[in-house]
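Single-letter residue listing:
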Amino acid sequence: MLGQGCCRAVLARGPCAEVTRCSCGHIHLAVGPVTLRLEEDVLRALGHTLVEAIHQLEMPHAPVHEAEAQEPAPAAAHGAPTGGWKQ
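Residues numbered from 1 in each chain as written. Predicted model: local features only at pLDDT ≥ 70, side-chain atom pairs only at ≥ 80, totals over all residues. Heavy atoms only, no water.

## Looking at the sheet that holds strand E1 (residues 8-13)
Whether parallel or antiparallel, the strands of a sheet pair through hydrogen bonds between backbone atoms. Taken together, 4 strands build an open sheet; the order of strands is E1-E2-E3-E4 and the sheet is antiparallel. Every other strand in the sheet has two partners, leaving E1 and strand E4 (34-38) as the edge strands with one partner each. Averaged over all pairs of adjacent strands, the angle between strand axes in this sheet comes to 25°, irrespective of strand direction. Relative to strand E2 (residues 17-22), E1 runs antiparallel, the two sharing 5 bridges. Pairing of Ala12 across the sheet is with Val19, part of E2. In the packing of helix H1 (residues 40-58) onto the sheet, contacts are made with E2, strand E3 (27-31) and E4, and the angle to E4 comes to roughly 120°. (Pairing = 2+ DSSP bridges. Helix = DSSP H or I, 4+ residues; strand = E, 2+ residues; numbered from the N terminus. Axes fitted to C-alpha atoms, helices over the stretch in contact; angles between N-to-C directions. Contact = heavy atoms within 4.5 Å.)

## Some words on the environment of Cys7
Relative to the assigned elements, Cys7 resides in the segment before E1. Take Cys7: its relative accessible area is 49%, and that puts it in the partly exposed class. For the pair Cys7 and Thr20, spaced 13 residues apart in sequence, the C-alpha to C-alpha distance is 9.6 Å. Ignoring sequence-local partners within four residues, the contact set of Cys7 consists of Arg21, Cys22 and Ser23. (Buried < 20%, exposed > 50% of the residue type's maximum accessible area, 1.4 Å probe, protein only.)

## Concerning the side chain of His28
Positionally, His28 belongs in strand E3. Side-chain polar atoms of His28 contact the side chain of Arg8, separated by 3.4 Å. What His28 contacts, discounting residues up to four positions off in sequence, is Arg8, Glu18, Val19, Thr20, Cys22, Thr35, Leu36 and Arg37. (Polar contact = N/O pair within 3.5 Å; in protein donor to acceptor, adjacent residues only side chain to side chain.)

Following this line, the structure appears as structure tokens:
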């Protein structure tokens, strides 16, 4: 629900997602029925992570070792804030 006096401008729209900026400064990422409210730096970090995932999907399949699958990716690698998830 938009706050009193808020309005959104569409930044990008595709067949399965839409990104808008609210006049109060929040970025909204809508994917199907789910909308995430993000700060701009988190949206940028998410974008880098998605590009990396797509790159990995395009590479030939290599066996994933269990230890590698459980090891978390470094958060600061793409300028994401450190200290865990940011809401």
